Amino acid sequence: MAEGKAASTLRVGTALRFVLPRWIAFCALCIVTGISMQVLPGMAERAQLYIDSWSHNLVFGDAMGSLTITELGYSDSDREVSPAVRFPLYPLMVRWAAPLFGGDTSLSAFWVSKIALLAGLVGLWVLVEHLHGAQHANRTTPYMLFPFLGTAYTWIYSYPEAAYLALWTWGFVLLFKKAYYGCALVTILAVWSRPHAVLILIPYALYLLIETYRERRPLGDSALWRAGLLTCGLPLIAFAAWVLHVSQISALPFAPITAQTEYGRAEQVVLPWMQIPRRLEYMQTYGVFAFNWTVLFENYQLISIMVSLILFGLFALWRRVPLVIVAFSILTIIPGLSTGIFAIGRYALLTWVPLAALYIVPPKYDAVLLPLLIGMNYLVLFVTEFSDAAEYVP
C-alpha cells in the first residue's frame, strides 16, 4: 500500500517537473499578449479590449460573464443576459482569491485560471502516463496548450474552462486508481464548474459496470453500488442542489437550462447528429470559403473533431484508448453540436480530442509541427476575436 502511494507521488512529481517550466513560459506569453493589447491599440479593432490593465484585456467573452458573477453575484435583476446559466465554482474561486491581489478581480481571474491550468496539465500528464506511459505523457502539454483545434485563446484568456480541465483529468485518474472518495470530491466540484460537466457521470457508471463484468462480479455486488453511490450519486445530488438553488435565486425554474433562451441558443437546439449534414449542406451551397473567418474555423474544427472521434472509436475497438474516454469525449461535445455549434472548439478542447495528434503524429515531427500550431492558434486569436470580421468566439 505504501509502495503504491509512493509510486503515485513520484509520478505526480515527475509530471510537475516536466509541466512547470512549460506552464511558466506559457503564462509569460499570456502576460505579453495582454500587455501588447494595451500598448499597441492599433493592432486590433475591438476597442473594448483595451482597458486600464493587461489583466483586464484578458477578461473577454465568457470570462467577463464569470467576472460579473464574481463581483455582483447571482440575482433575479434584469441584466443583458441571465447569469444563472454559468456555474459557481470559478467565480467563487476568483472571489476568494481576489484579496490576495488587492481586490483586483481581473488579476485574480488570471491567476486562478492559470493555476487551474497547471493542475489540469499535471492531471493530464498523470492520466496519459497511466494509460500509455511517460513518452506519450511528455507530449500532452504542448498539444493541449496549442491544440490543432486552434483554441489556445481559451487558455490565454482568463476563461473558466481551465478549472474543468483540472477536475475531469483528476476525476478519471482517481477513478482508474479506484480512489472513489477522492473521485467523488473532485467530481462534486466538477459538476459545479459548468452545466454539461454532469455528463461525466455516464462514463463513470460505464467504467464501473465494465470493471464489474471483467472481475466477474454480479450486478448486485455491494462494492459496485458503493462505488457508484460515491462517484456518481453524490455528484448528481450536488448538481441537483445547485440547479434548485440558482433557480430560486433567479426566480426561474431550471434556470441553467431555461435561461439559455437569452443567449439565443434555445431556438437552435437540434439533434446533435443533424448538425454535421446541415453544415455540409451549407458548405455545398455557399462554398467552404464563402463565410467569414469565424465560420471557416468552425468548419475546420467540425471536420477535425469528427475525424478524431472516428479514429478514437477505432482505437477503442483496438483497445488503444479506453472506451470510457471516448464516451466522455462524445458526450462532452454533444451540447455544442445541439446548440448551433456554438463554441464547438472549446467543448472539444475539454475532451481527448486535442490529444489525437499523439496517436497519428510520430514524435520526431513534434519539433516541426508545434511551431506551426502556435502560429495557427495565434492566427485564430487575432482574426476571429480582434478583427471586424469576427462575430463571436468560435
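Structure: above.
First, a word on scope: everything that follows refers to the structure included in this document. (Residues numbered from 1 in each chain as written. Predicted model: local features only at pLDDT ≥ 70, side-chain atom pairs only at ≥ 80, totals over all residues. Heavy atoms only, no water.)

Attention now moves to the overall build of the protein chain. The number of helices and strands found in the protein chain is 19 helices and zero strands. For the protein chain, the proportion of its 394 residues judged to be buried stands at 53%. If you take every contact in the protein chain between residues at least 6 apart in sequence, the share linking residues at least 24 apart comes to 72%. (Helix = DSSP H or I, 4+ residues; strand = E, 2+ residues; numbered from the N terminus. Buried < 20%, exposed > 50% of the residue type's maximum accessible area, 1.4 Å probe, protein only. Contact = heavy atoms within 4.5 Å.)

Turning to the environment of Val-85, a few remarks are in order. By the secondary structure assignment, Val-85 is in the loop between helix H3 (62-72) and helix H4 (89-97). It is 9.0 Å that separates the C-alpha atoms of Val-85 and Val-246, two residues lying 161 residues apart in sequence.

Now for the pattern of salt bridges. Using the criterion set out here, one finds eleven salt bridges in the structure. Between Asp-62 and Arg-86 there is a salt bridge, and its shortest N-O distance comes to 3.3 Å. Separated by 24 residues along the polypeptide, Asp-62 in helix H3 and Arg-86 in the loop between H3 and H4 bring together distant segments of the chain. Grouping residues by exposure puts Asp-62 and Arg-86 together as buried. Residue Glu-211 is joined to Lys-178 by a salt bridge in which the shortest nitrogen-to-oxygen separation is 3.5 Å. With Glu-211 in helix H11 (residues 201-214) and Lys-178 in the loop between helix H9 (161-176) and helix H10 (180-191), this residue pair connects regions lying 33 residues apart in the sequence. The exposure class of Glu-211 is buried, given its relative accessible area of 13%. The network of salt bridges with shared partners includes Lys-178, Glu-211, Arg-214, Glu-215, Arg-217 and Asp-221. (Salt bridge = Lys/Arg side-chain N within 4 Å of Asp/Glu carboxyl O.)

What follows concerns H11. When the terminal C-alpha atoms of H11 are compared, their 20 Å separation across 14 residues agrees well with the 20 Å that a helix rising 1.5 Å per residue should span. Along H11, the residues classified as buried are Leu-201, Pro-203, Tyr-204, Tyr-207, Leu-208, Glu-211 and Thr-212. The inward-facing, buried residues of H11 contact H9, H10, helix H12 (222-250) and helix H16 (323-338). Immediately beyond the C-terminal end of H11, within one or two residues, lies Arg-216, with a positive phi of roughly 60°. (Expected span 1.5 Å × (residues − 1).)

Counted under the stated rule, the structure contains 19 aromatic pairs. With a centroid separation of 4.9 Å and an interplanar angle of 85°, the aromatic rings of Phe-110 and Trp-111 are classed as edge-to-face. What makes Phe-110 buried here is its relative accessible area of 0%. Looking at Trp-111, the relative accessible area reads 24%, which means it is partly exposed. A ring pair is formed by Trp-168 and Phe-328, whose centres lie 4.8 Å apart and whose planes are at 40°; its orientation type is tilted. With Trp-168 in helix H9 and Phe-328 in helix H16, this residue pair connects regions lying 160 residues apart in the sequence. (Phe/Tyr/Trp six-rings, centres within 6.5 Å; stacked < 30°, edge-to-face > 60°.)

It is worth spelling out the nonpolar core at this point. Most often, soluble globular proteins have nonpolar side chains that are buried together. Membership of the largest hydrophobic core comes to 117 residues, with the highest contact counts inside it found for Leu-117, Trp-155, Trp-168, Phe-172, Phe-312, Trp-352 and Val-353. The element best represented in this core is helix H5 (residues 105-132), accounting for 13 residues. Those residues in contact with Leu-117, other than ones at most four positions away along the chain, are Trp-23, Phe-26, Leu-145, Trp-155, Ala-162 and Leu-165. (Core = buried A, V, L, I, M, F, W, Y, C linked by side-chain atoms within 4.5 Å.)

At Arg-216, a residue that is not glycine, the phi angle is positive and equals roughly 60°. Topologically, Arg-216 is positioned in the loop between H11 and H12. Here Arg-216 falls in the exposed class, since its relative accessible area comes to 77%. With a phi close to 65°, Arg-319 is a non-glycine residue in the positive phi region. Along the polypeptide, Arg-319 turns up in the loop between helix H15 (293-317) and H16. Residue class for Arg-319 comes out exposed when judged on its relative accessible area of 75%.

Along H3, the positions that sit buried rather than exposed are Asp-62, Ala-63, Gly-65, Ser-66, Leu-67, Ile-69 and Thr-70. Packed against the buried residues of H3 are H4, H5 and helix H17 (344-349). Directly beyond the C-terminal end of H3, a positive phi value near 80° is found at Gly-73.

Moving on, we get to the environment of Ile-374. As for its position among the elements, Ile-374 is in helix H19 (residues 366-385). Residue classification places Ile-374 among the partly exposed positions, given a relative accessible area of 34%. Residues Ile-374 and Pro-147, spaced 227 residues apart in sequence, show a C-alpha to C-alpha distance of 8.3 Å.

Considering the arrangement of structural elements, one finds Arg-194 in the loop between H10 and H11. A relative accessible area of 12% means that Arg-194 is categorised as buried. Apart from the residues lying within four places of it in its own chain, the contact partners of Arg-194 are Phe-87, Glu-161, Tyr-164 and Leu-350.

Before going further, it helps to spend a moment on the packing of H9 against H16. Running from amino to carboxyl end, H9 crosses H16 at an angle of 155°, the nearest separation of the two axes being 12 Å. Between H9 and H16, the angle is such that the two are roughly antiparallel. Considering how the two elements wind past one another, H9 and H16 form a crossing that is right-handed. Packed against H9, whose contacting residues are Tyr-164, Trp-168, Phe-172 and Phe-176, the element H16 presents Val-324, Ile-325 and Phe-328 at the interface. Partitioned by chemical class, the residues of the contact of H9 with H16 number seven nonpolar, no polar and no charged. (Axes fitted to C-alpha atoms, helices over the stretch in contact; angles between N-to-C directions. Parallel < 35°, antiparallel > 145°, perpendicular 65-115°, else oblique. Left-handed = near helix turned anticlockwise from the far one by under 90°. Nonpolar A, V, L, I, M, F, W, Y, C, P; charged D, E, K, R; others polar.)

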